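Here are the chains, one letter per residue:
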Amino acid sequence: MSDALLTLSGVHTHIGAYHILHGVDLVVPRGQLTMLLGRNGAGKTTTLRTIMGLWKASQGQLRFNGQDITTLNTPEIAGLNIAYVPENMGIFADLTVQENMLLAARQAKRANQMDGTRLKWIYSLFPAVEKFWHHPAGKLSGGQKQMLAVARAIVEPRELLIVDEPSKGLAPAIINNMIDAFAQLKGSGTTILLVEQNINFAKRLGDRVAVMDNGRVVHSGTMQALAEDEALQQSLLGLAESGLLRRRGPSRPAPAGAAGAPPPSPPRGGPPPPPPPPGVWGNIDFDWKPLALVPVLALLVLPLIGSPSTWLTLTVAGLAMGMIIFIIASGLTLVFGLMDVLNFGHGVFIALGAFVATTVLGLMGDWTGSGELWRNLVAVFPAMLVAMLVAGAVGLAFERFIVRPVYGQHLKQILITMGGMIIGEELIKVIWGPAQIPLPLPEALRGSVIWGDAAIEKYRLLAVVVGLLVFAALAWTLTRTKIGLLIRAGVQDREMVESLGYRIRRLFVGVFVLGSALAGLGGVMWGLYQQNVTPQMGAQVNVLIFIVIIIGGLGSTGGALIGALMVGLMANYTGFLAPKVAMFSNIGLMVAILLWRPQGVFPVTNR
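Residues numbered from 1 in each chain as written. Predicted model: local features only at pLDDT ≥ 70, side-chain atom pairs only at ≥ 80, totals over all residues. Heavy atoms only, no water.

Participant: If you had to explain the overall build of the protein chain to someone new, which residues and values would you point to?
Facilitator: Looking only at helices and strands, one finds 23 helices and 14 strands in the protein chain. Seen along its three principal axes, the alpha-carbon backbone of the protein chain occupies a region of about 90 × 50 × 50 Å. Burial status across the protein chain gives 55% buried among its 607 residues. Taking contacts inside the protein chain between residues at least 6 apart in sequence as the whole, the part at least 24 apart equals 75%. Only carbon and sulfur atoms are counted for the fraction: they give 61% of the accessible area of the protein chain, which is about 25700 Å². (Helix = DSSP H or I, 4+ residues; strand = E, 2+ residues; numbered from the N terminus. Buried < 20%, exposed > 50% of the residue type's maximum accessible area, 1.4 Å probe, protein only. Contact = heavy atoms within 4.5 Å. Areas by Shrake-Rupley, 256 points an atom, 1.4 Å probe, with all protein chains shown as cover.)

Quick look at the structure:
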């Protein structure tokens, strides 16, 4: 046998209270293709996930290239030149084929920095990757997704390729193409560990074989020896006449055509419908309908208001309010989408930013009292910057000491973050006092611009401009940078991002700090909008923020913008038309949107 590249010795794995692996011993020789066979529930997938550090071994040792990797985390293991293709393929459906490949190319920041020669070789193995290069990965057929998953894993040279059931559900022609691709990969010197249910697939490719049952390796040897011994196959695998490993357990589906059986699904491998170019708003197939919501709402209320000038004034006021809410909500929607954290303490950063602004602007009275716009802006923009820095720093501590201990525990997150907000409010009272503090607009930002018969407040125009700049910056970052790709991918599948070798925990912290800083900026703008600040202002705005991110589709920045604009418009229109129901208008708006689209206007795939 060739020298061992990967060795598992007496590996046990527990998942919660369940003991899944019971002393697995496995050797993967360098430069060979090792098949890991066994019935459903034998522990094959758990073995692969334990190798990748996605589940930790509770006992035993794993060694790769002579190095003990038992306690390493998933990004560290992937960084040793190990690539992993999970059973569900781990494709980021909201990203294009190109973006999926770029994420796996850790040495490249842009698509044109990927190895062109290696890409041509990959295209020869998987022509669909080149054909659908600029198309959303979610629109590919099942077979094409599997090709993309393997292609992504080998976009850079890897010492070990781990693949979980690559032929599952594929059409026969696609299986043959996959076999040819793995044969070429093996010929190039890549070591492969492959879990499979299809014994014919295994016979055509395998050099070595290990068979698992009940969480243990019960047989290991050459694939040729197992292929030639039908009695051994029957004993180890319980093969049916079809040549596929028999599935066991009470949940086994009925054969096609049997009573109560579902109709057979089409094989994964047929051509997909030609998709349009991908959108950048957080969904696979860009949908223009939600974009019409804002103008439709504005036009519907025009006859009810009657006066065009009043309608224009209310519309600009609503857009300004919506932009401020978007600035606050954009960070929170990314925090929830990426980190799965329900941060009910977000309001403390809003209040903190507003109070910091009162201090900074109070020290620049000569600038804020000037009638020159540029002098006013020189005062306001530093106040915004300082508020963002302070809120971001507090957010860093908030994540470390309050949020991090309760990752994945939603009920505890709600309770502890609400407690954090209460403590934050009390600390604000200690520093600035419990009373309401005025935050007047700088001199040149007071008053209105007269356009025809409409009076449009100057500050609200500034709020619209700042909101658009924030959205443009976020959109550019999310769609044009590698860090943006990681955030978008992490919103869909955090585990797969780690399997590609990225430390998503660091990304968690960065996004949380950014969200806190944006809340601080929003607090400054909200305080100037209200022209006063109170320690409780963040909690009061929190309700609107959560309505916005629910309407938008949890995790979608573009959806948050649509939701925020609609909330701002609705609050201003109903405040004018029916003040008594204004308090409940946005809840009614949210209910109406969710009846139309239960996952929000731009739902994020896989969430």
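On we go from here.
Participant: So, unusual backbone geometry: which residues are in play, and what are the values?
Facilitator: Residues other than glycine predominantly adopt negative phi, and peptide bonds predominantly adopt the trans conformation. Despite not being glycine, Asn81 shows a phi value in the positive range, around 75°. Position of Asn81 among the secondary structure elements: in the loop between helix H2 (74-78) and strand E6 (82-85). On the basis of relative accessibility, which here comes to 27%, the residue Asn81 falls in the partly exposed class.

Participant: I'd love a proper account of the pairing of strand E4 (residues 57-64), names of residues and values included.
Facilitator: The pairing of strand E1 (residues 4-15) with E4 spans 6 bridges and is antiparallel. The residue of E4 that forms the bridge with Leu8 is Leu62. Pairing analysis gives 2 bridges linking E4 to strand E5 (residues 67-68), with the strands arranged antiparallel. Paired with Arg63 across the two strands is Asp68, which belongs to E5. (Pairing = 2+ DSSP bridges.)

Participant: Could you give an account of the packing of helix H21 (residues 537-552) against helix H22 (residues 557-577), naming the residues involved and the relevant values?
Facilitator: One way to put it is that H21 packs onto H22 with a least axis distance of 7 Å and a crossing angle of 130°. In terms of orientation, H21 lies oblique with respect to H22. The two elements H21 and H22 meet at a crossing, and its hand is right-handed. Facing H21, whose interface residues are Leu544, Ile547, Val548, Ile551 and Gly552, H22 presents Gly559, Ala560, Gly563, Ala564 and Val567. When its residues are assigned to classes, the contact of H21 with H22 shows 7 nonpolar, 3 polar and no charged. (Axes fitted to C-alpha atoms, helices over the stretch in contact; angles between N-to-C directions. Parallel < 35°, antiparallel > 145°, perpendicular 65-115°, else oblique. Left-handed = near helix turned anticlockwise from the far one by under 90°. Nonpolar A, V, L, I, M, F, W, Y, C, P; charged D, E, K, R; others polar.)

Participant: Kindly report on empty space enclosed by the protein, identifying the contributing residues and their values.
Facilitator: All chains considered together, the criterion is met by 2 cavities of 30 Å³ or more. Here the largest cavity is characterised by a volume of approximately 80 Å³. Lining of the largest cavity is provided by 13 residues; of these, Ala83, Tyr84, Ala153, Ser499 and Leu500 occupy positions nearest its centre. Every element with two or more residues in the lining of the largest cavity is listed here: E6, helix H6 (142-153) and helix H19 (494-499). The element that contributes the greatest number of residues to the lining of the largest cavity is E6, accounting for 4 residues. (1 Å grid on protein atoms, 1.4 Å probe; cavity = no way out; pocket = protein on both sides within 12 Å on 5 of 7 lines; lining within 4 Å. Points joined across faces, edges and corners; volume = space filled by probe spheres on them.)

Participant: Tell me about the sheet that holds E4, residues and numbers included.
Facilitator: Here 4 strands make up an open sheet; going across it, the order is E2-E1-E4-E5 and the pairing antiparallel. Bordering the open sheet on either side are strand E2 (18-29) and E5, each of which pairs with just one other strand. Packed onto the sheet, helix H1 (residues 44-51) meets E1, E2 and E4 and runs at close to 110° relative to E1.

Participant: Describe the pattern of salt bridges, listing the residues and the values that go with them.
Facilitator: The full count for this structure, using the stated rule, is 13 salt bridges. Taking the shortest distance from any N to any O, the salt bridge between Asp3 and Arg30 comes out at 3.0 Å. Separated by 27 residues along the polypeptide, Asp3 in the segment before E1 and Arg30 in the loop between E2 and strand E3 (33-38) bring together distant segments of the chain. Taking relative accessible area as the criterion, Arg30 reaches 31% and is therefore assigned partly exposed. Taking the shortest distance from any N to any O, the salt bridge between Arg488 and Glu99 comes out at 3.4 Å. Remark: Glu99 occurs in helix H3 (residues 97-104) and Arg488 occurs in helix H18 (residues 482-492); sequence separation between them is 389 residues. The class of Arg488 is buried, set by a relative accessible area of 17%. Linked by salt bridges that have partners in common, Asp3, Arg30 and Glu159 make up one network. (Salt bridge = Lys/Arg side-chain N within 4 Å of Asp/Glu carboxyl O.)

Participant: Pulling in residues and values, what's your account of the environment of Leu185?
Facilitator: With respect to the helices and strands, the residue Leu185 is situated in helix H7 (residues 172-187). Look at Leu185 and you get buried, because its relative accessible area is 0%. Expressed as a C-alpha distance, the spacing of Leu185 and Leu125, which sit 60 residues apart in the sequence, is 9.2 Å. Not counting the four nearest positions on each side in its chain, Leu185 is found in contact with Trp121, Val150, Ile154, Leu161, Thr190 and Ile192.

Participant: Outline the sheet that holds E6, listing residues and values.
Facilitator: Strand order across the open sheet formed by 6 strands is E6-E7-E8-E3-E9-E10, with mixed pairing between neighbours. Looking at strand neighbours, the two that pair on one side only are E6 and strand E10 (216-222), the edges of this open sheet. Taking each pair of neighbouring strands and ignoring which way they run, the sheet shows an average axis angle of 15°. Strand direction decides the pairing type here: E3 and strand E8 (residues 191-195), joined by 4 bridges, are parallel. Following the sheet pairing, Met35 is matched in E8 by Leu194. Across the sheet, H7 touches E3, strand E7 (160-164) and E8, and the angle it forms with E8 is around 150°.

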